[in-house]
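These are the residues of each chain, in order.
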Amino acid sequence: MKLRFWLLDINDAITEKGAEIHLWGLDDTANHILVVDKSFPPYFYLLLEDKADIKEVVREIEVKKSPDAVIEEDLERKYFGKPVKAVKITCRDPNSIAKNTNSLGKINGVKASLEDDIRYSFRYLIDNDVYPCGWHEIDVDKIEEKSDNKIEEIYVAKSHPRAIQKSSTPSLRILAFSIVCYSPKGSPKPDKNPVVMISTATSNGKTMQFVSEGSNDKKVIESFIEGIQTYDPDIIVGYGSNSFEWPFLLQRSKKLGIKLKVDRQGGEPHTSVYGHVSVTGRINIDFFDLSDEIEEVKIKTLENIAEYLGATKKADEMLIDDMDIPRYWEDNSKQSILSEYSLKKASTILRVGQNLLNFSMQLSYLVGLPPDQIGAAAVGFRTESYLIRQAYKIKELIPHRIERPYFPYKGATVLEPKPGLHGKTAVLDFRSMYPNIMIAKNISPDTYLESGEKNPYLGVYVAPEMGYSFRKSPPGFYNKVLSTLIEARDDIRDKLKNTDPKKTEYRVLDSRQRAVKIITNAVYGYAGWIGARWYVREVAEATAAWGRYTIAHAIDLAEKEGLEVIYGDTDSLFVLFDSEKIDRFIEDVQRDLGLEISANEVYERIFFTEAKKRYAGIFTDGRLDIVGLEVARGDWSEAAKRVQEGILEIILKGKIIQKATSFVRQYILDLREGKIPFSDLIIWKTLTRDVSEYVVKVPHAEAAKRLLREGWEVARGDKIGFVIVKGRGKLHERAVPYSIATYSEIDLAFYEEQQIIPAASRILSIFNVPIESLKP
DNA sequence: GCCACGACGGTACCT
DNA sequence: ACAGGTACCGTCGTGGCG
């Protein structure tokens, strides 16, 4: 029979009989199904020397290969654009891939093994053009046998799946969860401390809560498992769950002698690629992983993300700090507040999840990585997964990732800004400059002409400055990929124009165009990443060089039209507004450089200091836009940022310096009088390494050490919030975690001198306001 | 021993 | 673990200072 299904999750199972692929999905009628495909053998390639005698090498392979391996000559493959002699070795057992790679790789005439490092389940997706979060059709037989699997039907595949065009998403059951652990002091430890509460919120509008009696938490976990199995969610979402909830529950369960059977085949969650936690048959997503897509939010707490997305009403109305949890749990009269908080957290996670799910699924569908992996995968790996799938389509062999030394290269041009306040200003930027340069100059790993190679008949593009050459023809790998992506995005944006923004379809399309944009923009960075499989430094270097050439010529053209350029960075020029000159300039650029430039932003007024990458402007509609300055940073106190923003608003709206200075003075008076709330004095900084690895004593690392001493776990990547307290000594000796410090200890003079005054004078010094006049 | 100064470590931003 | 360019803070070593 034919089965149509939407792919939810894929995993492999290695048995004595060979390898199996398990495809978990939903069929047309929303039944949960499992298709077992036993007929996809793993394989790898042997790349032969150019001069090797293929017949002779094959004879040698016959002798040395494992008995289950099958040889197939594959003369169609290319490697870095060049046709190569390759032999495909197919094995019944995925475990024999490594053995064969080792023994066959040494054969005379074999240059290298390739694609032996592609995961078996990913291989299946690539070769069959199967897409997670997409619809497929497959020939299957129904299996009647009863099993523990939490699904309605099990099938065995009689063909491989074929992707079909159908854009709808089936209705999926989502479960959000969050746990509360009780540890009298410090971070909870699964071998000592119980899970006292687990709260869930589900997409059918219900919530569940499991609370322990005393510290016996066995029942809490057991009821949670039962709750999951009963609701049987397709998607489980958490916030920080890959690093906290799942590992804690797993270890705690082990300690208590129970199995955390929450997946769809009676098994436990397990850690998999990119450090994500995989729950077989379901999609497990930790939305903390996706929070760095939201750059506007600096401190990525659930509350901040939720507030930004409009997924909660009052963000910190009932926020309980981790450090205060024991006090709530220990006090019977306060326990209900804790359980209310925990439930609210689960509901907030659900709403955040529902908000970000479209985007996750679109990115997953585009890149071709399962939705539970896509959030945890770094940008480089997302880009690479996309490239790998495209490479297969054009029969390009996939290079290994190899370790290389790092050599930096020259990047973009940044112009010196003209300091001060300017009138109406247009920002002209090149549309996708790097991708379009790579297309126009056919810059790609497979078109690069090594020095010494003779020029091809059809000619080369020679990059400025270094003179690297790239074949004009045929179109390179990156050229094809980027052209497709740019076209796809244009198509989606056209559709968006004719779609009602209130419709679901609009949100899906918008998520899709965002996903396409992210991958398009990441290709240049990927090309210069030493970890990239297709790393060719000259590719990134030549692209950057053409970029510098382009912006330099654009400046010339602008000046020839009589435009005054006041700033520019990489692919943008800020010019004093003149409609006619700008129109002519845009045409000049198109004619001379073959690239599109357009005025995407017009400021009514704009302000620069002497520094690059820092400015503030006001749009015609009165909106402020503050770039690079302290207001835009997450590592300055709210107090300093508020003062700076206030000044910028006053200046951009009316340039009344007097008003700005008295605003600063008033704020400082309020500070001195203790009127500025505690939370506005917290400074947040990321711990970018293990606390022991710091060579100099820096405030946030010293604050982190204090947390460690008090039993709290801090890890690389954590944001540490601290305040500066009164006393003698260096700053780092006075940095105290905000959760430990009290208001009366705070050194308000520090905030005046080292936070507010610098942030304020950054702006006001341009108008010659002396620092002394800022102090009351 | 104290101070000014510059190099350097460290973080976060911009495109 | 996508790139390079940039600003800015705090720490720390160093040389001058009788």
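Everything below is about the structure printed above this text.
Summarised in this report is the structure supplied together with it. Computed from a predicted model, the values in this text were never measured in an experiment. (Residues numbered from 1 in each chain as written. Chains lettered and ligands numbered in written order. Predicted model: local features only at pLDDT ≥ 70, side-chain atom pairs only at ≥ 80, totals over all residues. Heavy atoms only, no water.)

What about the nonpolar core?
Phase 1 of the analysis: Membership of the largest hydrophobic core comes to 116 residues, with the highest contact counts inside it found for Y478 and F585.
Phase 2 of the analysis: The element best represented in this core is helix α9 (residues 335-367), accounting for 11 residues.
Phase 3 of the analysis: Once residues lying within four places of it in the same chain are set aside, the contact partners of F585 are L428, A554, L557, A558, E561, L563, L573 and I597.
Phase 4 of the analysis: Judged by nonpolar contacts, the second largest core, of 52 residues, contains I651, L652, A703 and W712. (Core = buried A, V, L, I, M, F, W, Y, C linked by side-chain atoms within 4.5 Å. Buried < 20%, exposed > 50% of the residue type's maximum accessible area, 1.4 Å probe, protein only. Helix = DSSP H or I, 4+ residues; strand = E, 2+ residues; numbered from the N terminus. Contact = heavy atoms within 4.5 Å.)

A few points about the pattern of salt bridges
Phase 1 of the analysis: Tallying each qualifying case throughout the model produces 53 salt bridges.
Phase 2 of the analysis: A salt bridge links R123 to E115, with the nearest nitrogen and oxygen atoms 2.8 Å apart. One exposure class covers both R123 and E115, and it is buried.
Phase 3 of the analysis: For K705, the salt bridge identified is with E702, shortest N-O distance 2.9 Å. Residue K705 and its partner E702 are located together in helix α19 (residues 699-709), separated by 3 residues, close to a single helical turn.
Phase 4 of the analysis: The network of salt bridges with shared partners includes R173, D232, D234, R264 and R282. (Salt bridge = Lys/Arg side-chain N within 4 Å of Asp/Glu carboxyl O.)

Remarks on helix α12 (residues 433-440)
Phase 1 of the analysis: Burial within α12 is extensive, with 6 of its 8 residues counted as buried.
Phase 2 of the analysis: Within the sequence span of α12, burial applies to M433, Y434, P435, N436, I437 and M438.
Phase 3 of the analysis: Buried positions along α12 lie against β21 (425-430), α13 (477-497), α14 (504-527) and α15 (537-560).
Phase 4 of the analysis: Downstream of α12 by one or two residues, N442 has phi in the positive range, about 50°.

A short note on the protein's contact with DNA strand C
Phase 1 of the analysis: Contacts to DNA strand C come from 28 residues, most closely from G380, G411, K612, K697 and H732.
Phase 2 of the analysis: When the atoms of DNA strand C within 4 Å of the protein are sorted by group, sugar and phosphate make up 90%.
Phase 3 of the analysis: G380 places a polar main-chain atom, nitrogen or oxygen, 2.9 Å from a phosphate oxygen of DNA strand C.
Phase 4 of the analysis: Contacts to DNA strand C include Y406, whose side-chain N or O atom sits 3.3 Å from a phosphate oxygen. (Near = heavy atom within 4 Å. Polar contact = N/O pair within 3.5 Å; in protein donor to acceptor, adjacent residues only side chain to side chain.)

Read these as spatial facts, not as claims about activity.
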